[in-house]
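# Observations on the three-dimensional arrangement
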Amino acid sequence: MDLLKVENLCKTYGKGENEVKALDNVSFTVPKGQMLAVIGPSGSGKSTMLHILGGVDRPTSGKVFLDGQDVYAQNNKNLAIFRRRQVGLIYQFYNLIPVLDAEENITLPMIMDGRKPDQKHLDELLELLQIKERRHHLPSQLSGGQQQRVSIGRALFTSPQVILADEPTGNLDSKNSAEIINLMKKSNRDFEQTMIIITHDENIALQCDRIITLADGKIADDKLVGIK
Amino acid sequence: MKFEMLLARKYIFSQKRHTLLTICSIVIAVTLMALLFTGYSTLQSCMREAAYAQAPYHMRFTDITAEQALKLSRLPEVESYKKASMPDKTIRLDIMLKPKSIGDIHTYVEDVANRELGMDYSKLEKWREGHLDVNYDLVERDLIDDNGRKDRVQLYCIFFVFVIMIALTLRLIIDTAFEISSKEREQQFGVLQSVGATPKQIVGIMTMEGIMLSVVGIPIGLAVGTAVAYIAFRKIAASGIADVFYFGDKADEVLKFNANPIMLAMAAVVSIAWVLFSAYGTGMRVIKKSPVEAISARDNNVKKVRRHTLMGMIFGWTGKLTSRNARRQPKRYIITILSLTLSLSLFAGVGSTIEAVTNFEEAIFAADADSDMYISTEYSIFDKTGYRPIVEKLEKSKYFSHIYIDHGINAFTKNKARMAITYVNEDSYNRAFFGKPPISYDELKNSGGYILVTDDEVYSGLDSIELTFNSLNMAEKYIEEYNQKVKEDPESYLFDKGSLYMDFIHKASEDGTLKRDASNVFKIVKTCPVPVNENSYMYSDQDQNDYYAGNLIATIDQYEETENTMFGNFDYGISIECDLAHPRYHMPAIEFINANKDMQLSFDFFYEVHNIRTITSAFSIASNFITVLIALVAIVNMINIISTGIINRQSELASMECVGMTKWQLYKMAVIEGLQYTIFGAAGAIVLCILMIFATEQFLIAVQIMTPEGVGSLIKISTPTIRILGATGFTLLVSIAAAIVPLKRMQKTSLIDRIRSVE
């Protein structure tokens, strides 16, 4: 069953002579629980596509359906709620809130929603992320790897249907990278979450179910990998 | 320096919005500083002019010979002199000295008198009386003697301490402007460093930018500040303050606006110093980040946060975030709160003090002077129609709208309670009942009786009452003595027999010769309660030691029917009170009274009230300017800190939006941020005002101006509190605007662009 459906997605920046097509008529579907890697050279449109899938940036044309719902048919407020409840975003530079500690950063989307975080669920997640001991540390008091775990925790905490990760290991050493990918794989397996990961690392891509290669805003290749 | 200049120029012209903001901030800060310096020099100048106007010389020699005058005028210290020949052929010489120190003026004067006029030191002191007048005030203000110089240095020191205090707060305005501008270029500075610019060069770019912007901002600020000071000066001068403090003929000439170039230059120097410090400081902050950190523009170096905050408890997670954000720049946060506290309490304090002074003044004058003038007359209490020609004259002059006559004596009831008997004319009758008399004046007149005004039920329903008069029949010896005194010095006692009369009453009371035995039965036509008004002069006193049972009121025509025995055997003049028909009749009315020999102005309440109101209004104008000045600093600081905070957190706020924060949640956070400043500022101001009121009351009790029972009567705590809350509302609106405007502008940039500024 397809969870995500992308139809003729186009994104253009600038006008006239300065017009740049970041995405050019991209269409694909992602079934529920699939772990998808998006690769491609710089400027191929990977991050743009991820942002559009996450409800962060509106496409110039085309549609994105998540679980049958037209994402961009919603107003801005509902789009924010969509981001809060249905997607989890992971960035290369973590984008944590410096004044909130690890636990507060993780629970932030739920707090925004006016819901009380489930303490048991939080404890389990902190355990899984191996940052239980550092739950009350501020981002500045955490290592890069720990900050990325917090960022993953924030993406996972509301149990969204899709996790979108933009080079989640791009800023980490190999040991931390491996741990983060294992964590994401475990989450994918245990919670049956759909994951779309942008990466430059071929090893990471090969650990996914499927690899889409983007070039000049178009899908140049789309293949199943099957090694897990 | 070429590189720094080039980059500074490029940034100034490419970042027009920031350039404008920085120039505006410099202009505001310099304007306030110029206002302060010009105000100070104008005050000095006015005081000097007042000293000169009182006596237009440093030294005046009188009763000297032409030869002595010549010697004195040739003294090396003399700058100019005026010589006048007197009718007795002597010379009067006014000398102005050169503006350089002559040491101690007393020693100098003695030396000159000894050397040039041949006066012996031992005889100098006696000789000076009638021969030499030194205008010490002018000598001090023109810095001619050492004491004046010392005093001036002390004054400058006090002024500069004040300037430094204001300057520290004002610098924040410029500081934040530079920071906003530099924050958006942080990545560029990182890039510059990564391609080889040294930290010194980066600091140099910022400093150079400061110098260039100063060239534009400081002259504008000085010009605007001088203009504002001039407007304030004209306003204060127009309030008539000169007439209050200076009693000479040319009061207006004493007030001179003085934009002293040296003071303005000092204001400019202080301003340049701030701009350079701010620019340099911002440069130093920029280079604290490594090029990589600057390029990635990450700002997550928060080391410690407060877990439980008041704002968090009230507003939940948005309040918590707001509170934590404020502590990212604790120094600036505290300074902004403090300047808000100070400006709010100043605003409320000044307003409440003026209100209290006005109330106090009105209470005093309403209780003691419910008319404009007291006129003493010489008509005898035994001459029952003696007042008529005086009243006619006053009425004919057309200067007066109301003329009040109330002539009363004290009497006693059978049970020894006091009762005042007062005979009044129509104006006075209406005034006694605050325009609502129980029966009309004519009805009372026609009845031939009295109105009994009392709150004591014992006297209600009476048709008549028998009273024994306090009629002050004195022994012959005192009357003789009294008459003798008046005869010896008729001029002194012409209109002032009252105090002499009181002296004799005391004497007669002490030796028991004062008789109070006359009595009469008074017909009561109406009984009514004492008018409920705090300014009522009628008695409703329940003091057991001196119990006043009430007041008997009758018309002045009724007084004409009374027996002279009621008033004892002692004659004295009676006062008439008047209200001016129009304030412009004040001077003509005084001239009219002075021109009439049978009356004398004994008290001019109109003048007193006018003076107090003029002082209050001048104080109000001056203090309002200072309040506006400090409020402006506080508000600009608050706007800067809130908007800088939002601009600095651009990427962070975008991150929150990415994980689901709605626009309204974002705005709510911004509103709470503004609320945080205003709540703490207002709370601080209220506490400060309460402390100030408490301290003032304790001081007044200590110096015995106020009794402990009077605590709370000076200024009620609610008065400044209401003002603070009003001002807080305005501040809150400004703070919300300061947060919403950058947020709105930020919303125009896509979330992606804001997020990318992080990546």
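Residues numbered from 1 in each chain as written. Chains lettered and ligands numbered in written order. Predicted model: local features only at pLDDT ≥ 70, side-chain atom pairs only at ≥ 80, totals over all residues. Heavy atoms only, no water.

### Here's the deal with the overall build of chain B
Of regular secondary structure, chain B possesses 29 helices and 14 strands. Taking all 759 residues of chain B together, the buried fraction comes to 49%. Within chain B, contacts between residues separated by at least 24 positions form 81% of all contacts whose residues are at least 6 apart in sequence. Summing over all exposed atoms, chain B offers an accessible surface of approximately 37,300 Å²; the carbon and sulfur share of this is 59%. (Helix = DSSP H or I, 4+ residues; strand = E, 2+ residues; numbered from the N terminus. Buried < 20%, exposed > 50% of the residue type's maximum accessible area, 1.4 Å probe, protein only. Contact = heavy atoms within 4.5 Å. Areas by Shrake-Rupley, 256 points an atom, 1.4 Å probe, with all protein chains shown as cover.)

### Observations concerning unusual backbone geometry
All names here are of chain A. A positive phi angle, close to 50 degrees, is found at Asn95, a residue other than glycine. The residue Asn95 is located in the loop between strand S6 (87-90) and helix H3 (102-112) in this model. At Glu192, a residue that is not glycine, the phi angle is positive and equals roughly 55 degrees. Mapped onto the elements of the fold, Glu192 is located in the loop between helix H6 (174-191) and strand S8 (194-198). Judged by its relative accessible area of 46%, Glu192 falls in the partly exposed class.

### Side note on the nonpolar core
Residue and element names in this part refer to chain B. Core analysis: the biggest nonpolar cluster contains 51 residues, and Leu394, Phe400, Ile421, Phe522 and Leu552 have the highest contact counts within it. Those residues within four positions of Ile421 in sequence are excluded, and the remaining contacts are His407, Gly408, Ile409, Ala411, Tyr450, Leu467, Phe469, Phe522, Leu552 and Met566. In terms of nonpolar packing, the next biggest core, distinct from the first, is built from 45 residues, Ile23, Val27, Ile205 and Leu213 among them. (Core = buried A, V, L, I, M, F, W, Y, C linked by side-chain atoms within 4.5 Å.)

### Digging into helix H5 (residues 144-157) of chain A
The terminal C-alpha atoms of H5 of chain A lie 20 Å apart, and with 14 residues this matches the ideal 20 Å at 1.5 Å per residue to within 8%. Looking one or two places after H5 of chain A, you find Ser159 of chain A, whose phi comes out positive at around 50 degrees. (Expected span 1.5 Å × (residues − 1).)

### Details of the environment of Asp427 of chain B
Residue and element names in this part refer to chain B. Tracing the sequence through the fold places Asp427 in helix H18 (residues 426-432). Classification of Asp427 by relative accessible area gives partly exposed; the value is 25%. Considering only alpha carbons, one finds Asp427 and Cys578, 151 residues apart in sequence, at a separation of 9.7 Å. Residues contacting Asp427, with those up to four places away along its chain left out, are Ser401, His402, Ile403 and Tyr404.

### Digging into the pattern of salt bridges
Under the defined criterion, the tally for this structure stands at 27 salt bridges over all chains. Note that Asp222 of chain A is salt-bridged to Arg210 of chain A, the shortest N-O span being 2.8 Å. On the criterion of sequence distance, the pair formed by Asp222 of chain A in strand S10 (residues 218-224) and Arg210 of chain A in strand S9 (residues 210-215) is long-range, its members being 12 residues apart. In this structure, the salt-bridge partner of Arg431 of chain B is Asp406 of chain B, at a minimum N-O distance of 3.2 Å. With Arg431 of chain B in helix H18 and Asp406 of chain B in strand S7 (residues 406-412), this pair connects stretches of sequence that are 25 residues apart. Taking relative accessible area as the criterion, Arg431 of chain B reaches 13% and is therefore assigned buried. In the salt-bridge network here, residues are joined through shared partners; they are Arg84, Arg85, Asp113 and Arg115 of chain A. (Salt bridge = Lys/Arg side-chain N within 4 Å of Asp/Glu carboxyl O.)

### With respect to the packing of aromatic side chains
Residue and element names in this part refer to chain B. One pass over the structure, following the stated rule, counts 13 aromatic pairs over all chains. When the centroid spacing of 5.1 Å and the interplanar angle of 80 degrees are considered together, the rings of Tyr230 and Phe257 count as edge-to-face. In this pair, Tyr230 is assigned in helix H9 (residues 199-238) and Phe257 in the loop between helix H11 (251-254) and helix H12 (261-287), connecting sequence segments 27 residues apart. Tyr230 sits in the partly exposed class, given a relative accessible area of 39%. With relative accessibility at 25%, the residue Phe257 sits in the partly exposed group. With centroids separated by 5.4 Å and ring planes inclined at 75 degrees, the aromatic side chains of Trp664 and Tyr667 adopt a geometry described as edge-to-face. Of the two residues, Trp664 and Tyr667 both sit in helix H27 (residues 663-702), three residues apart, roughly one turn of that helix. (Phe/Tyr/Trp six-rings, centres within 6.5 Å; stacked < 30°, edge-to-face > 60°.)

### Focus on the pairing of strand S2 (residues 78-85) of chain B
Residue and element names in this part refer to chain B. Note that S2 and strand S3 (residues 91-97) share seven bridges and pair antiparallel. The partner of Ala84 across the bridge, within S3, is Arg92. Counting the residues that bridge the hairpin from S2 to S3 gives five residues, and of these Lys89 lies at a positive phi of roughly 70 degrees. (Pairing = 2+ DSSP bridges.)

### Concerning the interface of chain B and chain A
How big an interface is tends to be reported as the loss of accessible area on association of its parts. Contact with chain B, which involves 31 residues of that partner, is made by 34 residues of chain A. Carbon and sulfur atoms supply 60% of the area that chain B and chain A bury against each other, a total of about 2,900 Å² over both sides. Our count for the contact surface shared by chain B and chain A stands at two salt bridges. Among the salt bridges present, the one from Lys320 of chain B reaches Glu104 of chain A, with a minimum N-O distance of 3.1 Å. Remark: the boundary between chain B and chain A carries six residue pairs in polar contact (both at pLDDT 80 or more). Looking at the side of chain B that touches chain A, the elements that each hand over two or more residues are helix H15 (317-326), helix H26 (650-658) and helix H29 (751-756) of chain B. Taken together, the residues of the side of chain B that touches chain A break down into 12 nonpolar, seven polar and 12 charged. (Buried area = accessible area lost by both parts, 1.4 Å probe. Polar contact = N/O pair within 3.5 Å; in protein donor to acceptor, adjacent residues only side chain to side chain. Nonpolar A, V, L, I, M, F, W, Y, C, P; charged D, E, K, R; others polar.)

### What to know about the confidence of the model for chain B
Residue and element names in this part refer to chain B. Here chain B shows a mean pLDDT of 79. Residues at 70 or above account for 86%. Looking at the elements of chain B, mean pLDDT is at its lowest for helix H10 (residues 241-245), recorded as 60, and at its highest for strand S6 (residues 400-404), recorded as 91. Scored as a whole, the predicted complex attains pTM 0.59, and scored at its interfaces, ipTM 0.73. (pLDDT = per-residue confidence, 0-100.)

### Things to note about the sheet that holds strand S1 (residues 2-13) of chain A
One key point about sheets: their strands pair by backbone hydrogen bonds, in either a parallel or an antiparallel sense. Residue and element names in this part refer to chain A. Strand order across the open sheet formed by four strands is S2-S1-S4-S5, with antiparallel pairing between neighbours. In this open sheet, the two strands that pair with only one neighbour each are strand S2 (20-31) and strand S5 (69-70). Here S1 pairs with strand S4 (residues 61-66) via five bridges, running antiparallel. Directly across from Leu4, in S4, lies its bridge partner Leu66. Across the sheet, helix H1 (residues 46-53) is in contact with S1, S2 and S4; its angle to S2 comes to roughly 55 degrees. (Axes fitted to C-alpha atoms, helices over the stretch in contact; angles between N-to-C directions.)

### Here we look at the sheet that holds strand S5 (residues 373-377) of chain B
Residue and element names in this part refer to chain B. Read from one edge to the other, the open sheet built from four strands follows the order S6-S13-S5-S14, with strand pairing classed as antiparallel. Of all the strands in the sheet, the pair left with one neighbour each is S6 and strand S14 (599-604). The average angle at which neighbouring strand axes cross in this sheet is 30 degrees, direction not considered. Strand direction decides the pairing type here: S6 and strand S13 (residues 575-580), joined by four bridges, are antiparallel. In the strand pairing of S13, Phe400 is matched with Leu580.

### A few points about a nonpolar patch on the surface
All names here are of chain B. Where nonpolar side chains cluster on the molecular surface, the patch consists of Ile211, Val215, Val216, Ile220 and Val224 and spans about 380 Å² of accessible area. Mapped onto the elements of the fold, Val216 is located in helix H9. Judged by relative accessible area, which is 38%, Val216 ranks as partly exposed. (Patch = residues over 30% accessible without salt bridge, like charges linked within 9 Å, V, L, I, M, F, W, Y side chains within 5 Å.)

### Observations concerning a positive patch on the surface
Together, Arg17, Lys663, Lys744, Arg745 and Lys748 of chain B give the surface a local cluster of positive charge. Judged by its relative accessible area of 36%, Arg745 of chain B falls in the partly exposed class. (Lys, Arg positive; Asp, Glu negative; His and termini not counted. Charge placed at Lys NZ, Arg CZ, Asp CG, Glu CD.)

### Digging into the packing of H3 of chain A against H15 of chain B
Relative orientation and spacing of two packed helices are given, respectively, by the angle between their axes and the distance between those axes. Interhelical geometry of H3 of chain A versus H15 of chain B gives an angle of 135 degrees and a closest axis separation of 11 Å. Put simply, H3 of chain A runs oblique to H15 of chain B. Every residue of H15 of chain B that contacts H3 of chain A at Glu104, Leu108, Ile111 and Met112 of chain A is listed here: Trp317, Lys320 and Arg324 of chain B. The class makeup of the residues in the contact of H3 of chain A with H15 of chain B is four nonpolar, no polar and three charged. (Parallel < 35°, antiparallel > 145°, perpendicular 65-115°, else oblique.)

### Focus on the packing of helix H3 (residues 66-73) of chain B against helix H4 (residues 105-117) of chain B
All names here are of chain B. For the pair H3 and H4, the least separation of the axes is 10 Å and the interaxial angle reads 125 degrees. As far as their axial angle goes, H4 and H3 are oblique. In this structure, the crossing between H3 and H4 has a hand that is right-handed. Residues Gln68, Lys71 and Leu72 of H3 touch H4, and the partners they reach there are Val112, Glu116 and Leu117. Residues that form the contact of H3 with H4 fall into these classes: three nonpolar, one polar and two charged. (Left-handed = near helix turned anticlockwise from the far one by under 90°.)

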